[in-house]
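Results of the structural survey
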Amino acid sequence: MPQDPMDFEWSYWIEWGRERILWLLAGHLLVSQISRLLVEKYKPWCLMVYGMAACWLLLGIKGFAVILLHAAISFAVAQFQLSLLTWLCSLILLSTLRIPAVEETKRKWYDSENEYYLLLFTVSVRCLFCTSFSLEYCWHAPTQKSSHSFPWMLAYVFYYPTFHNGPLVNFDEFSKQMRRQEAFSVKTNLSILIVGIIRIFFWWCLAELMIHLMYIHALYSSALPLESASYWALGGLALAQVLFFYVKYLVLYGVPALLLQMDGLKPPALPCCVSLMHSFTKMWRSFDVGLHRFLVRYIYVPMGGSQSSLLGTLLSTALTFAFVSYWHGGQSYLWYWGALNWLGVIVENGTKRILSISLIQDLI
């Protein structure tokens, strides 16, 4: 039975995975386990060299140079240790991905659109990693200078399991865990790998069944069936779509999360099932945990967060969702999506504050 071809993200990453990325991830696993077994002290540098070689192989010398240039510029600006300047640099670098002349130049580097999009997606995710390192550099104490050097930035930026699509791991977590030397057990790691592969294979089979049998995205791409459907049917389609999105990211984030575990690192928790969520706040906290931690640590809390006044909280939340919308591409529908999510979170938090008033609690 033919599959639903309308979910670009699933088709794209599965195609790349089958062609090259899964093989490169297997190579990373081999390098990681050998370095943990023989040269644990030099593991970050072995993985850095492998990540740079994998980047060169997939994206070519020009794609590799773009990512290296982004890292070098971010590191140079971070030397001023000004958070505002670092954020300005990050936003400028991110904006270069949307300049038509730059886009056309990068397209000419490759033979197909798929190769260009791989560079685009990779650089977008690397921008977040560069931002995380640079802000941690701005905040670090002089005694932590050795763990915030340019080689450590390259080890972080070119760490291959999270290289193309995430999940996002903040630099402070990455560096602490990568520098920690633990006892290595081949037997334990092998059992983690086997169980992890079985789970990911089950999720992949479930996603393939959904995309071959349900045709959710094909239905959404045509106005005629949507106009004739009842509200109950539309609700069912919406639920089916978000459930597929959930299963899809169990696979897309499950593979790198397994490799993080094999490297002795603690990955961000995998997405929580959307059927268990009943609030905007929980959705943002527990679906993409790595992105949530990034947003809270580098935008929400520095802007005041929940500890500031009502206006400050509204501004912190608005800036957080504005960045998410811009990072995802900045199209008009993304701004509407971000605004609706912001409104949902504000209404929920406002309701909680009202219900926490003692008089209201007595009435309840």
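Residues numbered from 1 in each chain as written. Predicted model: local features only at pLDDT ≥ 70, side-chain atom pairs only at ≥ 80, totals over all residues. Heavy atoms only, no water.

1. Examining the overall build of the protein
- In terms of regular secondary structure, the protein is built from 16 helices and 0 strands.
- Relative to its length of 364 residues, the protein is compact, with a C-alpha radius of gyration of 22 Å against a globular reference of 21 Å.
- C-alpha atoms of the protein, sized along the principal axes, occupy 60 × 55 × 50 Å.
- Counting every atom, the protein has about 18900 Å² of accessible surface; 70% of that belongs to carbon and sulfur.
- Positive and negative side-chain charges of the protein, numbering 25 and 21 respectively, have mean locations separated by a distance of 10 Å. (Helix = DSSP H or I, 4+ residues; strand = E, 2+ residues; numbered from the N terminus. Rg over C-alpha atoms; globule rule 2.2 N^0.38 Å. Areas by Shrake-Rupley, 256 points an atom, 1.4 Å probe, with all protein chains shown as cover. Lys, Arg positive; Asp, Glu negative; His and termini not counted. Charge placed at Lys NZ, Arg CZ, Asp CG, Glu CD.)

2. Observations concerning the pattern of salt bridges
- Applying the stated rule across the entire model yields 8 salt bridges.
- In this structure, K248 engages E9 in a salt bridge whose closest nitrogen and oxygen atoms are separated by 2.9 Å. Note that K248 is positioned in helix α11 (residues 231–262) and E9 in helix α1 (residues 8–38), a separation of 239 residues in sequence.
- On the basis of relative accessibility, which here comes to 2%, the residue K248 falls in the buried class.
- Looking at E9, the relative accessible area reads 21%, which means it is partly exposed. (Salt bridge = Lys/Arg side-chain N within 4 Å of Asp/Glu carboxyl O. Buried < 20%, exposed > 50% of the residue type's maximum accessible area, 1.4 Å probe, protein only.)

3. As for the state of the cysteines
- With the rule as written, the count across this model stands at 0 disulfides.
- No disulfide involves C55; its sulfur sits 12 Å from the nearest other cysteine sulfur, which is in C130.
- Exposure remark for C55: the relative accessible area of 0% places this residue in the buried category.
- Cysteine C138 remains unbridged, with the sulfur of C89 as its closest cysteine sulfur at 10 Å. (Disulfide = S-S within 2.5 Å.)

4. Some words on helix α13 (residues 289–300)
- For α13, the full list of buried residues reads V289, G290, L291, F294, L295, Y298, I299 and Y300.
- Looking at the buried side of α13, the elements it contacts are α3 (83–95), α5 (113–139), α7 (171–179), α12 (280–286) and α14 (310–327). (Contact = heavy atoms within 4.5 Å.)

5. A word on the layout of surface pockets
- The computed volume of the largest pocket comes to approximately 1900 Å³.
- Of all the secondary structure elements, the ones that give two or more residues to the lining of the largest pocket are α1, α5, α9 (216–220), α11, α12, α13 and α15 (332–355).
- In terms of residue count, α11 provides more of the lining of the largest pocket than any other element does, 8 residues in total.
- Considered class by class, the residues forming the lining of the largest pocket number 30 nonpolar, 13 polar and 6 charged.
- Looking at which domains feed residues into the lining of the largest pocket, each of domain 1 (8–179) and domain 2 (269–363) gives three or more.
- Size it by volume and the second largest pocket reaches roughly 730 Å³.
- As for the second largest pocket, its lining consists of 26 residues, of which L22, L25, I200, V251 and V255 are closest to the centre.
- Considering every element that reaches the lining of the second largest pocket, the biggest residue donor is α1, with 9 residues.
- For the lining of the second largest pocket, the residue count by class is 21 nonpolar, 4 polar and 1 charged. (1 Å grid on protein atoms, 1.4 Å probe; cavity = no way out; pocket = protein on both sides within 12 Å on 5 of 7 lines; lining within 4 Å. Points joined across faces, edges and corners; volume = space filled by probe spheres on them. Nonpolar A, V, L, I, M, F, W, Y, C, P; charged D, E, K, R; others polar. Domains from an automatic or database assignment.)

6. A few points about the nonpolar core
- Core analysis: the biggest nonpolar cluster contains 91 residues, and L59, F158, F174 and F323 have the highest contact counts within it.
- When residues of this core are assigned to their parent elements, the largest contribution, 14 residues, is made by helix α2 (residues 43–78).
- In this structure, this core is formed jointly by two domains, domain 1 (8–179) and domain 2 (269–363), each of which donates at least three residues.
- In this structure, F323 is in contact with W87, L91, L94, L128, F294, L295 and I299, ignoring residues within four places of it in sequence. (Core = buried A, V, L, I, M, F, W, Y, C linked by side-chain atoms within 4.5 Å.)

7. Concerning the packing of helix α6 (residues 150–157) against α7
- Running from N to C, α6 and α7 cross one another at 100°; their axes reach a closest spacing of 11 Å. Our classification of the angle between α6 and α7 gives roughly perpendicular. Where α6 abuts α7, its residues W152, A155 and Y156 lie against F171, F174, S175, M178 and R179.
- Looking at side-chain class alone, the contact of α6 with α7 contains 6 nonpolar, 1 polar and 1 charged residues. (Axes fitted to C-alpha atoms, helices over the stretch in contact; angles between N-to-C directions. Parallel < 35°, antiparallel > 145°, perpendicular 65-115°, else oblique.)

8. Some remarks on the domain arrangement of the protein
- Its domain assignment divides the protein into domain 1 (8–179) and domain 2 (269–363).
- Averaged C-alpha coordinates put domain 1 and domain 2 at centres separated by 27 Å.
- Facing 18 residues of domain 1, the contacting portion of domain 2 comprises 13 residues.
- Both faces combined, the contact of domain 1 with domain 2 buries some 1400 Å², and carbon together with sulfur accounts for 64% of it.
- Across the domain 1-domain 2 interface, the total number found is 3 salt bridges.
- Of the charged contacts, one joins E136 and R297 as a salt bridge, the two residues approaching to 2.5 Å between their closest N and O atoms. (Buried area = accessible area lost by both parts, 1.4 Å probe.)

9. Here's the deal with the environment of W337
- Locating W337 in the fold gives a position in helix α15.
- Distance from W337 to I14, taken between C-alpha atoms, is 27 Å for residues 323 residues apart in sequence.
- The contact partners of W337, leaving out residues within four places of it in the chain, are W284, V324, S325 and H328.

10. Focus on the packing of aromatic side chains
- Tallying each qualifying case throughout the model produces 35 aromatic pairs.
- Ring centres of F133 and F171 lie 4.8 Å apart, and the angle between their planes is 75°; this geometry places the pair in the edge-to-face category. Residue F133 is located in helix α5, and its partner F171 is located in helix α7; the two are separated by 38 residues in the primary sequence. Note on accessibility: F133 and F171 belong to one class, buried.
- A cation sits over an aromatic face here: R98 above Y326, 4.7 Å from the ring centre.
- Sitting over the ring of F129, R126 keeps its end group 4.0 Å from the ring centre. (Phe/Tyr/Trp six-rings, centres within 6.5 Å; stacked < 30°, edge-to-face > 60°. Lys NZ or Arg CZ within 6 Å of the ring centre and 35° of its normal.)

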